[in-house]
Every structure is written in C-alpha cells, then in structure tokens.
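# Analysis of the macromolecular model
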Amino acid sequence: MALGREGDVVQQLVAQRSLPTNMVDELQMVCSVDTLDCSKETTNSDVIPQDTDLVTLQIRKKVIEKKEERLMCDRTCRQHIFEQEHEMQTVGRKPSNSENFVPAGEVILTINIYSPVIFTKHRENKPYNTMLVLGSQNLTEVRDAISCVSDLQIGGEFSNTPDLAPEHISKDLYKSAFFFIEGTFYNDLRYSECGDLSRTIVDWAESHDRGYGKFHTAKMENYTFNDMCIKVGYPYLYCHQGDCEHIVIITDVRIVHRDDCLDKTLYPCVIKKPWLWTRKCSVCKLFIVRWVTNNDSLAPEDPCCFCDTCFRMLHYDADGNKLGEFLAYPYVDPGIFN
C-alpha cells in the first residue's frame, strides 16, 4: 500500500511539474531515507586528527596532552561540578512560603568580588566570588555574604597554650566595613563596636584641596542598590578589617525571569568561586598549614609553616611541654573556601 501511494505521488509530481522521468528517478534516489545511514563511517570524535588546521582542536589536543603528563585533579572539572550543583538547587526554585516569592519586575545584579589587593596572583583578572543580588536587598546583606579569609584570622600568640581554643575570630572583634560607591562611603554601623573606617580618608581629602571633591558618608544598612545610581563594569571598593580591600564590579543588571531562583531567602546567591591553592606544611609537604612560627630555632626558615601534627611533634614533648623558644600563631588557609 505504501509503495502504491508513493507511486501515485511520483505520478502527480511528474504531471504537475512536467519533469522528465529520469530526473524524478534521480531525486528519488538522492532523497531516499537509505542515504541517511552513516553506519559505514568510522570517524572517532575522540581522536584528534594530526593534520588539522582548526585552532580549537589544536588547543584541545594540548590540554589533553598536559593532563596526561601530570597526576592531579582537574580544578576546572570541580568548578563545573559546583556550577551544576548550584543550578540543580536554585534554577526555577520556588519558596514554600508565598511571602518569600521574588516579586515580578525585581532587579537582579551580578556582582564580582575580587581578591584583596595584597594577593598579587590573579588579583586583577580573577573574581574571588560571583554572586547574584536582588536590587531591593540592603548593602549589609551583601557585606555578610562576602567570604574572606581575613575575617577568620585568629589573633594572639599561642606557643605556651596551643590547646587553648580561641574565643573570637577577627570578624567578631573588628566589625567595621564600608563600600565606596560613586563618591559615597557606605559604612556598616549596625553594632556598637563598629567605627567609621572612612573618616580617616575623608579627613585626609578635606585637609587640603587635593582635587577629589567632597566625599559623602551614609549608613550601609539604610541603602539598597535600587537607591543608588551605579555603573555596570565600573570598579567600586569594599574594605573591611581595617585595610583588607576588595574590588567590586557589577557586571550585569537585569529583570528576574521564571528560570531564576524565585526564593528571595536564598539571595545573595554565590554562583561561582575559584579554586584556591592551599599552603602545605614545610615538613611533611602533605597537610595544610595550621601554624606559623617566628624566631624558631628548630625551624629551617623564619617564618615557618607547620601542619598541626608536625608542629606538635617538633615543638612539644610527650607531656605537652614546650621545647625551645619560639612564637606560634594560628594560620587560616584560604583553601578552606574550596
């Protein structure tokens, strides 16, 4: 039956288009579904040809060869896993409570937080964090979402009491911070311990006519991004812990859509963070550094880094008594955010 109907179609085509019979036969042969069979092709997409002129294939070949030469985990793959997990957890997610829905027309900003300026490696071209922020959120919410190892540092010298648990970290002791955006210092003054970090800069600028114009100050907790005039791609400043400075760049401003995370309790939402190198112990070369010593007669260099196991084996006897003279300070590695 199918062959009969196909023959009728061919006859109608010949009659309507006045096509010669040999041309119709050729069209039938070329357009036949049998020509779609590619089982006879033996091309392997995993094998890169040696004589290729495509730049993308040449780059891919170099990357594959480089991976084969070294036995280490692919950090790019780990970043992709993080992005996939974030996508599964947030894309299109709706809150259980209707009050937490992101309203229609809400603005979403993409913000890059760069490494502190004291980090010379990748400080200019590699964001430390990338996050999504709602335009209606206070600047204090962004400030609390920024992760920096400076906030986790432990102050004090612990060579005589290495087992003593520290009572506070830097973030608990030094809560002051500010954003500098479009000529205004937005200070975090939510707590009684907070001070105005920008006062020194403002006084310095106003003491002489230095050509910077007049700076303004405001409370960070009273402002949202909707209240400010900002520039996309323009570098702003976030400062905390006295002198730990981060460049902040807003890379995108858009309206929320249905594929975004619609639960406003999950914002600010970190969508990307790089893999950071960890500092290894100077003795075993295996474990992450937990202690840094100064004026240490037992160490090969000053300062010297130790993991917790090597530090205790070298500097204390079986009863926990201190051996020799040295100063010991706890060390927090940036790799804790990996």
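For the structure itself, consult the block above.
Each chain has its residues counted from 1, running along the sequence as written. The predicted nature of this model means local features are confined to residues of pLDDT at least 70 and side-chain atom pairs, given and counted, to a pLDDT of 80 or more, with totals for whole chains, interfaces and linings taken over all residues. Neither water nor hydrogens contribute to the side-chain values; these are computed over all heavy atoms in the structure.

Here the idea is plain: a probe the size of a water molecule rolls over the atoms and shows the empty space left. Here a cavity is any set of points on a 1 Å grid over the protein atoms alone where a 1.4 Å probe fits but cannot get out, and a pocket is any open set with protein on both sides within 12 Å along at least 5 of 7 lines; a residue lines the site when it has an atom within 4 Å of a point. Grid points are joined across faces, edges and corners, and a volume is the space filled by probe spheres set on the points. Counting across every chain of the model gives 1 cavity of 30 Å³ or more. In terms of lining, the largest cavity is formed by Ile111, Leu139, Phe179, Ile181, Phe225, Tyr236, Leu237, Val248 and Ile250. Just so you know the grouping, Ala, Val, Leu, Ile, Met, Phe, Trp, Tyr, Cys and Pro go in nonpolar, Asp, Glu, Lys and Arg go in charged, and all remaining residues, Gly too, go in polar. Split by residue class, the lining of the largest cavity holds 9 nonpolar, no polar and no charged.

With that out of the way, let us pick up the packing of aromatic side chains. Note on ring pairs: Phe, Tyr and Trp rings are taken, using the six-membered ring of Trp, and paired if centres are within 6.5 Å. Classes follow the plane angle, with under 30 degrees stacked, over 60 edge-to-face and the rest tilted. Scanning the model with the defined rule gives 12 aromatic pairs in all. Both rings, one in tryptophan 291 and one in phenylalanine 311, keep their centres 4.6 Å apart while their planes meet at 10 degrees; by these two values the pair is stacked. Taken together, the residues tryptophan 291 in strand β9 (residues 291-294) and phenylalanine 311 in helix α8 (residues 308-315) connect sequence positions 20 residues apart. With centroids separated by 6.1 Å and ring planes inclined at 90 degrees, the aromatic side chains of phenylalanine 311 and phenylalanine 326 adopt a geometry described as edge-to-face. Of this pair, phenylalanine 311 sits in helix α8 while phenylalanine 326 sits in the loop between α8 and β11 (327-330), placing them 15 residues apart in sequence. Residue phenylalanine 326 is classed as buried on the basis of its relative accessible area, which comes to 3%. The structure contains a cluster of three or more aromatic residues connected by ring pairs, namely Trp291, Phe306, Phe311, Tyr316 and Phe326. Every helix listed is a DSSP run of H or I at least four residues long, and every strand listed is a run of E at least two residues long, numbered separately from the N terminus. With a 1.4 Å probe rolled over the protein chains alone, any residue whose accessible area is under 20% of its type maximum counts as buried; one over 50% counts as exposed, and the rest are partly exposed.

Bringing the sheet that holds β11 into the picture now. Pairing between sheet strands relies on hydrogen bonds along the backbone, with the strands arranged either parallel or antiparallel. Pairing between strands requires that DSSP locate at least two bridges from one strand to the other. Strand order in the open sheet formed by 3 strands is β10-β9-β11, with antiparallel pairing between adjacent strands. Where the open sheet ends on each side, the last strands, each with one partner, are β10 (304-306) and β11. Direction aside, neighbouring strands of the sheet carry axes that sit 30 degrees apart on average. As paired strands, β9 and β10 are joined by 3 bridges and run antiparallel to one another. By the bridge assignment, valine 292 is partnered in β10 with cysteine 305. Contacts between α8 and the sheet are confined to β9, β10 and β11, with β10 contributing the most and set at about 110 degrees to the helix. In this analysis an axis means a line fitted to C-alpha atoms, helices contributing only their contacting stretch, and an angle means the value between N-to-C directions, from 0 to 180 degrees. When checking whether two residues touch, look at their non-hydrogen atoms; a contact exists if any pair is within 4.5 Å.

The next point concerns unusual backbone geometry. Note on backbone geometry: most residues besides glycine have negative phi, and most peptide bonds are trans. In this model, tyrosine 267 is joined to proline 268 through a cis peptide bond whose omega is -5 degrees. Structurally, proline 268 is set in the loop between β7 (244-255) and β8 (269-272). With omega at -5 degrees, the peptide bond leading from aspartate 302 into proline 303 counts as cis. The topology assignment puts proline 303 in the loop between β9 and β10.

Attention now goes to the environment of tyrosine 267. By the element assignment, tyrosine 267 lies in the loop between β7 and β8. The buried category is assigned to tyrosine 267, whose relative accessible area is 6%. A sequence separation of 159 residues divides tyrosine 267 from isoleucine 108, and the C-alpha atoms of the two residues are 9.8 Å apart. Among all residues touching tyrosine 267, those that are not within four sequence positions of it are Val102, Ile108, Leu132, Val133, Leu134, Gln137, Glu141, Asp260 and Cys261.

For patch detection, residues must exceed 30% relative accessible area and be free of salt bridges, and they are connected within 9 Å for like charges or within 5 Å for nonpolar side chains (Val, Leu, Ile, Met, Phe, Trp, Tyr). Throughout, the Shrake-Rupley method with a 1.4 Å probe supplies accessible areas, and for residues the shown protein chains are the sole cover considered. Whenever Lys or Arg places a side-chain nitrogen within 4 Å of a carboxyl oxygen from Asp or Glu, that contact is recorded as a salt bridge. A cluster of nonpolar side chains, Val55, Ile59 and Val63, forms an exposed patch at the surface whose accessible area comes to about 260 Å². Topologically, isoleucine 59 is positioned in helix α3 (residues 55-69).

Spatially, β5-β4-β3-β6-β7-β1-β2-β8 is the arrangement adopted by the 8 strands of the open sheet, whose pairing is mixed. Looking along the sheet, the strands with just one partner apiece sit at the ends: β5 (216-219) and β8. In this sheet, adjacent strand axes meet at a mean angle of 30 degrees when their direction is disregarded. Pairing of strand β6 (residues 235-240) with β7 involves 6 bridges; the strand directions are antiparallel. Bridge pairing in β7 links tyrosine 238 to histidine 246.

It is worth stressing that arrangement in space is one thing and function is another; only the former is reported here.
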